[in-house]
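Residue-level listing of the chains:
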There are 4 protein chains.
Amino acid sequence: MKKGILKLAHSQIFKFMFNHQTTYRVRYADTDQMGFVYYGNYARLYEIGRVEALRTLGFQYRELEASGIWMPVYDLHCRFVQAARYDDLLTIRTTIAQPPTARMLFEYEVKNEMGTLLNMGQTTLIFVRAINQRPMPAPADLVEKLKPFFV
Amino acid sequence: MKKGILKLAHSQIFKFMFNHQTTYRVRYADTDQMGFVYYGNYARLYEIGRVEALRTLGFQYRELEASGIWMPVYDLHCRFVQAARYDDLLTIRTTIAQPPTARMLFEYEVKNEMGTLLNMGQTTLIFVRAINQRPMPAPADLVEKLKPFFV
Amino acid sequence: MKKGILKLAHSQIFKFMFNHQTTYRVRYADTDQMGFVYYGNYARLYEIGRVEALRTLGFQYRELEASGIWMPVYDLHCRFVQAARYDDLLTIRTTIAQPPTARMLFEYEVKNEMGTLLNMGQTTLIFVRAINQRPMPAPADLVEKLKPFFV
Amino acid sequence: MKKGILKLAHSQIFKFMFNHQTTYRVRYADTDQMGFVYYGNYARLYEIGRVEALRTLGFQYRELEASGIWMPVYDLHCRFVQAARYDDLLTIRTTIAQPPTARMLFEYEVKNEMGTLLNMGQTTLIFVRAINQRPMPAPADLVEKLKPFFV
């Protein structure tokens, strides 16, 4: 039934994921001679997005590393929709749409001050023990902190 | 027939594409505190790969821009297989597997001195007229220069 | 007389200059394999410091460029006192100690959250007309906006 | 006597220092929206210059670190003479004009293909034991390798 589907969609948007927004001012250092943010620099924006998303959850990546766990990036996808420009105040929206397992998927949207979508992308990160650099499941406290968002 | 297929595959590998290799020495500037090349810096390696591939074809990106044509990146995919480390002498192998149309696909493989595959990726670039930043087909001379590789 | 000198020094510190502070969170992208902020990345911190200092004065560098004036960097000095580390929340303090003429000097201090001085430096920027890239005096409105600080 | 002085000057230029040259192709990643190499990116050029200079002497920085010695940068000076541009094939000339002690001074000149001086600078590096990050004198083998240039 239609009503049921709508209700489900509603919960998906408002409950079954974790969303976070942060802002980033484009610097001269980020631009290239086209006057755009260099395509390699979105990786930095994604890093800011996911680290600040985790911080909001009470989870600091610095402490994770201190505890002997690394989160290297496994893959990266970027789709360049429109150019970000010097001095733009960008909004980076980070979404965690799935509970972390051995991998953790982050999705990103980058918009300018007018709300125009400039870039979208995603990264998969894995968890490895620093000592032997072998994969491991997501740390229990991270799983715990994200549980309320995936009821 | 099997023989025919093998023959076709053989020509595909040895004739129906353009391959190029260049080297890159990892610098301290490229590393992060994990001791690896920062994941956003592969975009620079890919840029080096495709620009040097085009130069080998007698096609200079600088001149393309001077003639009023830009090649912005449309999408970027990276798969991080193993870490590149400080002072590694990387080989960037760039493949053009399809003749350029309104888009141009470049594929990349990054290996270290032992031949270990560290990273693979691809970028799609488009052609735009600088004056109005509107899409256009691949310039005729680039299409011409690549023709011998796609007979 | 001693008293007079002290009084002068006092006004110099509290009146005859313009000070501004902004913060910057160190990202993985900024670090190198020593676990420190790569020495070349302080230039980005200085850029952030001076641009935000000017913005506080009601002067946007983006608009300056739009009006056909560029401020290229003429020289850069950095003194690395102690390492900035991943996730440090740095304070960048920017000082304009002299009214701008054909050149404009910015001085910087970078401290961590404990107030430890990590880095100090300065940059001289010049003003050039974008159209012919020739030097010019500081724009009148910038001189005007800084006047109250150099009475 | 004049002749004696000239002879001395001659030896100073040709014997009492170590010179090295390497090339660097400017990438899109290096440029900013002025169309120039971003001022912070010269630190990378200097890094390339000094590391390749040391490699020519048979001294690899990677091995130095592996042996537990770091060479952090103590200070950096850059003088921007003229803009380096996209695709320029730069020559980085590195000079070691003094035998290393607790510090090691490197001087740099960056020129384009026409031999125009674009940038000059210098860095002081220090030697520290990685284990306690305390200063130490230059390693004996580095001092030894440079001896022939400072007779």
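Our subject is the structure that appears above.
Computed from a predicted structure; not experimentally measured.

1. Side note on the overall build of chain A
Okay, step 1: A count of helical and extended segments in chain A gives four helices and seven strands.
Okay, step 2: Scanning chain A from its N terminus toward the C terminus, one meets helices and strands in the order α-β-α-α-β-β-β-β-β-β-α.
Okay, step 3: Referenced to the eigenvectors of the C-alpha coordinate spread, the extents of chain A come out at roughly 55 × 45 × 25 Å.
Okay, step 4: For chain A, the residues scored as buried account for 52% of the 151 residues in total.
Okay, step 5: Sequence-distant contacts, at least 24 apart, represent 68% of the contacts inside chain A between residues at least 6 apart.
Okay, step 6: A total of about 7,200 Å² of accessible surface is found on chain A, and carbon and sulfur atoms cover 57% of it.

2. Considering the interface of chain B and chain D
Okay, step 1: Taken together, the contacts link 19 residues of chain B with 19 residues of chain D.
Okay, step 2: Both faces combined, the contact of chain B with chain D buries some 1,900 Å², and carbon together with sulfur accounts for 36% of it.
Okay, step 3: If you sort the residues of chain B by the area they bury against chain D, B:Arg27, B:Arg44 and B:Arg62 come out on top, with a joint share of 33%.
Okay, step 4: Counting the contacts that link chain B with chain D gives ten salt bridges.
Okay, step 5: One salt bridge connects B:Arg62 with D:Asp87, and the closest N-O pair in it is separated by 3.6 Å.
Okay, step 6: The tally of links from chain B across to chain D stands at 18 residue pairs in polar contact (both at pLDDT 80 or more).
Okay, step 7: A per-class count over the side of chain B that touches chain D returns seven nonpolar, one polar and eleven charged.

3. Some words on the relation of the copies chain B and chain D
Okay, step 1: Each copy of the sequence occupies a distinct position, and chain B is placed on chain D by a rotation of 180° and an axial shift of 0.0 Å, giving an RMSD of 0.0 Å. Read as a symmetry element, the transformation amounts to a two-fold axis. Taking C-alpha positions as reference, the residue of chain B nearest the rotation axis is B:Tyr24, located at 5.4 Å.

4. A word on empty space enclosed by the protein
Where empty space is left in the structure can be found by rolling a water-sized probe over the atoms.
Okay, step 1: All told, the structure shown has two cavities of 30 Å³ or more when counted by the stated rule.
Okay, step 2: The space that makes up the largest cavity amounts to roughly 560 Å³.
Okay, step 3: Residue lining of the largest cavity: 28 residues in total, with A:Asn41, B:Asn41, C:Asn41, D:Asn41 and D:Arg44 positioned closest to the centre.
Okay, step 4: Reported here for the second largest cavity is a volume of approximately 30 Å³.
Okay, step 5: In terms of lining residues, the second largest cavity is bounded by B:Tyr24, B:Val26, B:Asp30, B:Val37, B:Asn41, B:Leu45 and B:Leu90.
Okay, step 6: Residue classes in the lining of the second largest cavity are distributed as five nonpolar, one polar and one charged.

5. Brief notes about the environment of C:Phe149
Residues and elements named next belong to chain C.
Okay, step 1: In this structure, Phe149 sits in the segment after α4 (140-146).
Okay, step 2: Owing to a relative accessible area of 26%, Phe149 belongs among the partly exposed residues under this scheme.
Okay, step 3: With 131 residues separating them along the chain, Phe149 and Phe18 place their C-alpha atoms 5.9 Å apart.

6. Some points on the pattern of salt bridges
Think of it this way: side chains of opposite charge can pair up when their charged atoms draw near.
Okay, step 1: Using the criterion set out here, one finds 36 salt bridges over all chains in the structure.
Okay, step 2: The partner of A:Glu52 in a salt bridge is A:Arg55, with the nearest N and O atoms 3.0 Å apart. In this pair, A:Glu52 and A:Arg55 both sit in helix α2 (residues 42-56), three residues apart, roughly one turn of the helix. Of the two residues, A:Glu52 and A:Arg55, neither departs from the other in class, the shared state being buried.
Okay, step 3: In the salt-bridge network here, residues are joined through shared partners; they are A:Arg25, A:Arg27, A:Asp87, A:Asp88, C:Glu52, C:Arg55 and C:Arg62.

7. Describing the interface of chain A and chain B
Okay, step 1: Across the boundary between the two partners, chain A contributes 27 residues, which contact 27 residues of chain B.
Okay, step 2: Counting the surface lost from both chain A and chain B, the interface buries some 2,200 Å², and carbon and sulfur atoms represent 57% of this.
Okay, step 3: The largest share of the area that chain A buries against chain B comes from A:Met34, A:Tyr39 and A:Leu76, three residues that together contribute 29% of it.
Okay, step 4: Across the contact surface, chain A and chain B share zero salt bridges.
Okay, step 5: Applying the counting rule to chain A against chain B returns 14 residue pairs in polar contact (both at pLDDT 80 or more).

8. Notes on the relation of the copies chain A and chain B
Okay, step 1: Rotating chain A by 180° and moving it 0.0 Å along the rotation axis overlays it on chain B with an RMSD of 0.0 Å.
Okay, step 2: By residue overlap, the copies meet face to face through one surface: 100% of the interface positions of chain A are interface positions in chain B.

9. With respect to the nonpolar core
Okay, step 1: Counting residues in hydrophobic clusters, the biggest one holds 98 residues, and the most contacted among them are C:Ile96, C:Met104, D:Ile96 and D:Met104.
Okay, step 2: Ignoring sequence-local partners within four residues, the contact set of D:Ile96 consists of D:Met17, D:Phe18, D:Leu54, D:Leu57, D:Met104, D:Leu105, D:Phe106, D:Leu146 and D:Phe150.
Okay, step 3: Grouped together as the second largest cluster of nonpolar side chains are 96 residues, A:Tyr42, A:Phe106, B:Tyr108 and B:Met136 included.

10. Things to note about the side chain of B:Thr95
Okay, step 1: Take B:Thr95: it is sitting in strand β4 (residues 89-96).
Okay, step 2: The contacts of B:Thr95, once residues within four sequence positions are left out, are B:Met17, B:Phe18, B:Asn19, B:Leu105, B:Phe106 and B:Glu107.

11. So, the packing of aromatic side chains
Okay, step 1: With the rule as written, the count across this model stands at 36 aromatic pairs over all chains.
Okay, step 2: Relative to D:Tyr61, the ring of B:Tyr86 has its centre 6.0 Å away and its plane inclined at 85°; by these criteria the two rings are edge-to-face. Highlighted residues: B:Tyr86 in the loop between β3 (73-80) and β4 and D:Tyr61 in helix α3 (residues 61-66), drawn from two different chains.
Okay, step 3: D:Tyr61 sits in the buried class, given a relative accessible area of 8%.
Okay, step 4: Summarising the aromatic geometry, the rings of C:Tyr42 and C:Phe80 are spaced 5.4 Å apart at their centres and angled 70° between planes, so their arrangement reads as edge-to-face.

12. Digging into the state of the cysteines
Okay, step 1: Here the structure, examined in full by the defined rule, presents zero disulfides over all chains.
Okay, step 2: Free cysteine A:Cys78: the closest other cysteine sulfur is in B:Cys78, separated by 7.6 Å.
Okay, step 3: Note on A:Cys78: relative accessible area 2%, which makes it buried.

13. A word on the pairing of β3(B)
Okay, step 1: The buried fraction of β3(B) amounts to six of the eight residues, a majority that puts the element mostly inside the structure.
Okay, step 2: Relative to β3(B), strand β3 (residues 73-80) of chain A runs antiparallel, the two sharing five bridges. What sits directly across from A:Cys78, in β3(B), is B:Leu76.
Okay, step 3: Bridging between β3(B) and strand β6 (residues 117-129) of chain B involves seven bridges; their strand directions are antiparallel. In the strand pairing of β6(B), B:Arg79 is matched with B:Met120.

14. A word on the pairing of strand β5 (residues 103-111) of chain B
Side-chain positions along a regular strand alternate between the two faces of the sheet.
Residues and elements named next belong to chain B.
Okay, step 1: Pairing of β4 with β5 involves five bridges; the strand directions are antiparallel. The residue of β5 that forms the bridge with Thr95 is Glu107.
Okay, step 2: Pairing of β5 with β6 involves nine bridges; the strand directions are antiparallel. Counted as the bridge partner of Arg103 is Ile126 from β6.

Calculation criteria
- In this convention, every chain numbers its residues from 1, walking through the sequence in written order.
- Chains and ligands are labelled by the order in which they are written, letters from A for the one and numbers from 1 for the other.
- Local features in this predicted model are restricted to residues of pLDDT 70 or higher, and side-chain atom pairs are both shown and tallied only at a pLDDT of 80 or more, whereas totals for entire chains, interfaces and linings draw on every residue.
- Neither water nor hydrogens contribute to the side-chain values; these are computed over all heavy atoms in the structure.
- To qualify as a helix, a DSSP run of H or I must reach at least 4 residues; to qualify as a strand, a run of E must reach at least 2; elements of each kind are numbered from the N terminus.
- Buried residues are those whose accessible area, probed at 1.4 Å on protein chains only, stays under 20% of the maximum for their type, while exposed residues exceed 50% and partly exposed ones sit between those limits.
- Residues count as neighbours in contact if any of their non-hydrogen atoms are within 4.5 Å of one another.
- In this description, accessible areas are obtained by the Shrake-Rupley approach with a 1.4 Å probe, and a residue is regarded as covered only by the protein chains that are shown.
- Here the quantity called buried area is the accessible surface, traced with a 1.4 Å probe, that two parts lose on coming together, added over both.
- By definition here, a salt bridge exists when the distance from a side-chain nitrogen of Lys or Arg to a carboxyl oxygen of Asp or Glu is within 4 Å.
- Here a polar contact is recorded for every N or O atom pair within 3.5 Å, except that within protein the pair must consist of a potential hydrogen donor and a potential acceptor, and residues adjacent in sequence are included only if both atoms are side-chain atoms.
- For this scheme, ten residues count as nonpolar: Ala, Val, Leu, Ile, Met, Phe, Trp, Tyr, Cys and Pro. Four count as charged, namely Asp, Glu, Lys and Arg, and the remainder, Gly too, count as polar.
- Least-squares fitting of one copy onto the other uses the C-alpha atoms of those residues that reach a pLDDT of at least 70 in both copies.
- Method remark: on a 1 Å grid restricted to protein atoms, a set of points is classed as a cavity if a 1.4 Å probe fits but cannot get out and as a pocket if it is open with protein on both sides within 12 Å along at least five of seven lines; lining residues have an atom within 4 Å of a point.
- Grid points are joined across faces, edges and corners, and a volume is the space filled by probe spheres set on the points.
- Working definition of a nonpolar core: buried Ala, Val, Leu, Ile, Met, Phe, Trp, Tyr and Cys residues. They are joined through side-chain atoms within 4.5 Å.
- A pair of Phe, Tyr and Trp rings is counted when the ring centres sit within 6.5 Å of each other, with Trp represented by its six-membered ring. The angle between the planes then sorts it: under 30 degrees is stacked, over 60 is edge-to-face, the rest tilted.
- Criterion for a disulfide: a pair of cysteine sulfur atoms within 2.5 Å.
- A pair of strands is treated as paired once DSSP finds two or more bridges between them.

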